[in-house]
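Here's the letter readout for the chains.
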Amino acid sequence: MERILKNCFPKLAAKARLKFDKVREKHLLLLPEKVVVLNETAASVLALCDGNRTVDTITENVKASLQESTERAGSVALPDLQEMQADISEFLQEMEDQGWVVIHTDGTANNNE
Amino acid sequence: MAQPITTSKNVVEPPYSLLAELTHRCPLHCPYCSNPINMVSERGELSNEDWCRVLSEAADLGVVEVHFSGGEPLLKDGLDCLIRHADRLEMYTNLITSGIGLTAEKAIQLKEAGLANVQVSFQAGEAKLSDRIGGYKAFEKKKEAVKAVKKAELHLSLNVVLHRMNMDHLDEVIQLAEEMGAERLELANTQYYNWALLNRKRLLPDRKQIERASKIYEAAKARLKKKMEIIWVIPDYYASTPKPCMGGWGAIGLTVAPDGVVLPCPTAGIIESLSFENVRESSLRHIWYESESFNRFRGENWMPEPCRSCDFRHEDRGGCRCQAFALTGDAHATDPVCQRSPQHQLIEKVVQDANRKPIAKSSPMIYRKYLLDKK
């Protein structure tokens, strides 16, 4: 089982850029020599990776916006917070392994970049 | 009128990337250069106004990454304006450069214009060999350029084309990349088109060189994991299956040559049996979706046997059309690199020669020359 990130501050790598592509109507992650097509959730998580939010905060943000959209759609199935936190942690560690996200354990470290 | 468009999915998707070859002018004379033998003169180059239009059309078409290349793109006046224009169009910008002319001020200026990544070429890991291969005293200047890139806090990739002359010095190349703080290193085995094809006898390594080099690459990749991404571009003459053509002919990206000719890949201009359209006369959208040249090798209907009934056709797409044309004279032929190609002996013969000791040095190395304006 992957470790659950709590008080970590993920930040999109400097080389990476997020873009909503109007032509394809898809969220993209742009990298040197690579384009990654993202799903809605991945894009919403990465958009919050600014180095100033903890994984906890990001999870709460994502949950809140999901709640809003599911309420609008009238559906009920929404994963609980802990499950979401585990999913988001796992996703961010994958992103870190790829070198697309940098994860600081201390919020002050990223301010020097 | 244009033929109905058919690909394997029967739909042509928008392109992701644009290779903008701003000029063929270049201070280096690398004998493996993939630029055409007959280069575009400075007078024949597109203006920056043309390029801005091309960038806007590309963005509308769905292009999200632009690679500014050449020749040496820094020789194009107004490069910073083009980068700024692409950045405003929310395209990811990459500069592919020899590093010559990339001062600290220039690097900062380009970063401010929106440049995201710089790829600097090296010919080898040390000055003497590097300068001999490039035919120009470039090595120290390149190191200065790399320092400028790092100082401007731009993402740095190094690219080294591998061949017989530098293959045995891969350790030094990797060490150089580490010392310079490269975040990505591309080890690109020479692809034999244009100048490289002219010099193939002198450039094609032997099997043992490839085996040693690929072990060094594997070890470095495992050791450097997160620190530096290392890419190994396969030496296709030593592979049993051909490389897929740029992810498919007219599938992922397009190239605009210095004179505005639009190509499915940087070397497609060698295919004499096709005529390619120009951005001076047609829109990029028309060329991408409607042109005869871009539709010719889309999908699988064009394939001859043995490709047509081969299980690998979805993966390798029949191989490289440029290589098929360059080696057999027929752009529709199966890539001779493939073991199933009826013309595979063309490759076997060259590989045999490269592995015979000692190698005949009867053919001189022909260095890339940029011809000044032809009257």
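Preceding block: the structure.
What comes next concerns the included structure. Quick caveat, the model's predicted, so the values are computed rather than measured.

**Brief notes about the packing of aromatic side chains**
Working definition: an aromatic ring pair is given by the centre-to-centre distance plus the angle between the planes. Scanning the model with the defined rule gives 6 aromatic pairs over all chains in all. When the ring of B:Tyr217 is compared with that of B:Trp232, the centres are 5.2 Å apart and the planes differ by 15°; the resulting orientation is stacked. Here the residue B:Tyr217 occupies a position in helix H9 (residues 207-224), and B:Trp232 occupies one in strand S7 (residues 229-233), the gap between them amounting to 15 residues. For B:Trp232, a relative accessible area of 16% translates into the label buried. Judged by centre distance (5.2 Å) and plane angle (80°), the ring pair of B:Phe297 and B:Trp302 falls under edge-to-face. Across the pair, exposure class does not vary: B:Phe297 and B:Trp302 are buried alike. Clustering of aromatic rings is evident, with ring pairs tying together B:Trp249, B:Phe297 and B:Trp302. Over the ring of B:Tyr16 we find A:Arg24; its NZ or CZ atom is 3.8 Å from the centre of that ring. Above the ring of B:Phe297, the side-chain terminus of B:Arg321 is found at 5.9 Å from the ring centroid.

**A short note on unusual backbone geometry**
Both trends apply: most residues other than glycine have a negative phi, and most peptide bonds are in trans. Put simply, B:Gly70 and B:Gly71 share a cis peptide bond, and its omega is 10°. Structurally, B:Gly71 is set in the loop between strand S2 (65-69) and helix H2 (79-88). Here the bond from B:Glu305 into B:Pro306 is cis, since omega is 5°, no more than 30 degrees from zero. One non-glycine residue with positive phi stands out, namely A:Glu25, at about 55°. Tracing the sequence through the fold places A:Glu25 in the loop between strand S2 (17-21) and strand S3 (26-31). Overall, A:Glu25 belongs to the exposed group, its relative accessible area being 62%.

About the thresholds
- Each chain carries its own residue numbering, running from 1 in the direction its sequence is written.
- The lettering of chains begins at A and the numbering of ligands begins at 1, in the order of writing.
- Only residues with pLDDT of 70 or above have their local features reported here, since the model is predicted, and side-chain atom pairs are shown and tallied only from 80 upward, although totals for entire chains, interfaces and linings are computed over all residues.
- Each side-chain value is worked out from all heavy atoms of the structure, with water and hydrogens disregarded.
- Under the pairing criterion, centres of Phe, Tyr and Trp rings, with the six-membered ring standing for Trp, must be within 6.5 Å; the plane angle then separates stacked pairs below 30 degrees from edge-to-face pairs above 60, leaving the rest tilted.
- Secondary structure elements follow DSSP: runs of H or I no shorter than four residues count as helices, runs of E no shorter than two count as strands, and numbering proceeds from the N terminus.
- Under the scheme applied here, a residue whose accessible area is under 20% of the maximum for its type counts as buried, over 50% as exposed, and between as partly exposed, the area being computed with a 1.4 Å probe on protein chains only.
- For a Lys NZ or an Arg CZ to count as sitting over a ring, it must be within 6 Å of the ring centre and within 35 degrees of the ring normal.

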